[in-house]
Amino acid sequence: MVRLYHVALSPFCRKVRLTLAEKKIEVELVEERYWEQGPDFLRRNPAGKVPVMKWDNRTMSESQAICEWLDETIPQPQLVPRDPDARYEVRRLCAWFDDKFHGEVTTKLLYERVNKKIMGLGYPDSKAVKAGATRIKYHLDYMGWLLEQRRWLAGDAMTLADFAAAAHLSCLDYNSDVDWNRSAAVKEWYAKIKSRPSFRSLLADQVPGFPPPAHYADLDF
């Protein structure tokens, strides 16, 4: 069995979980308090980050590298196109969400409101939360613009770019930080991806001390 060291509300772990589930790979999930930087965990990943995946005798880290490796070794369903132009767009959007969106929104909302408390790092920075709440509007508008031209974020087929975006938004939605009424196209897209069997384990996540809102696991919002 594949083992994944993860944190429930990590968008990077969720991207890997979605990819594994879409490929129908059974996985054992192991909660990892990575911020404690325990010696066993640092031996698995000296970078001290999750996700970390154990696959037979391999230990693998970095969500994008893991997901692309999975797509190359288990080609169906295909999540990263083989066409160079299409592959570029998928990678561009994965970087957009894992870098820009993460820095401008996820760290400002989820990390301030949830991670700080779990890690014992004090109270949320209200300025950071306000900045994240403002910046997410820009990203939702950009997603809406993309989805008005395409069936999925990167084109006509669902790809890893959709999983990267959904991973971040699902973490934020757990804390009611997404205004789903801002863009009908984004809401329709998320409802579509949220209804996939691969999303079920994410919707079942429970973080002690942080109950999800009623709409979180509701496929009809």
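Residues numbered from 1 in each chain as written. Predicted model: local features only at pLDDT ≥ 70, side-chain atom pairs only at ≥ 80, totals over all residues. Heavy atoms only, no water.

(A) Broad picture of the overall build of the chain. Along the backbone of the chain there are 8 helices and 4 strands. When the helices and strands of the chain are listed from N to C terminus, the series reads β-α-β-α-β-β-α-α-α-α-α-α. Over its C-alpha trace the chain gives a radius of gyration of 17 Å, about what one expects of a compact globule, namely 17 Å for 221 residues. If you line up the chain on its principal axes, its C-alpha atoms span 45 × 45 × 30 Å. Nonlocal contacts in the chain, meaning residues at least 24 apart in sequence, comprise 69% of its contacts between residues at least 6 apart. Surface accessibility of the chain: about 10,800 Å² in total, with carbon and sulfur atoms responsible for 51%. Of the side chains in the chain, 33 bear a positive and 31 a negative charge, and the two mean positions are spaced by 2 Å. (Helix = DSSP H or I, 4+ residues; strand = E, 2+ residues; numbered from the N terminus. Rg over C-alpha atoms; globule rule 2.2 N^0.38 Å. Contact = heavy atoms within 4.5 Å. Areas by Shrake-Rupley, 256 points an atom, 1.4 Å probe, with all protein chains shown as cover. Lys, Arg positive; Asp, Glu negative; His and termini not counted. Charge placed at Lys NZ, Arg CZ, Asp CG, Glu CD.)

(B) Structural view of the nonpolar core. Of all hydrophobic cores here, the largest spans 62 residues; its most connected members are M53, L153, L169, L172, W189 and Y190. Here the element with the most residues in this core is helix α4 (residues 84-119); it accounts for 10 residues. Not counting the four nearest positions on each side in its chain, L153 is found in contact with L93, F97, M143, L146, L147, A161, D162, A165 and W189. Grouped together as the second largest cluster of nonpolar side chains are 7 residues, V7, Y34, F41 and V52 included. (Core = buried A, V, L, I, M, F, W, Y, C linked by side-chain atoms within 4.5 Å. Buried < 20%, exposed > 50% of the residue type's maximum accessible area, 1.4 Å probe, protein only.)

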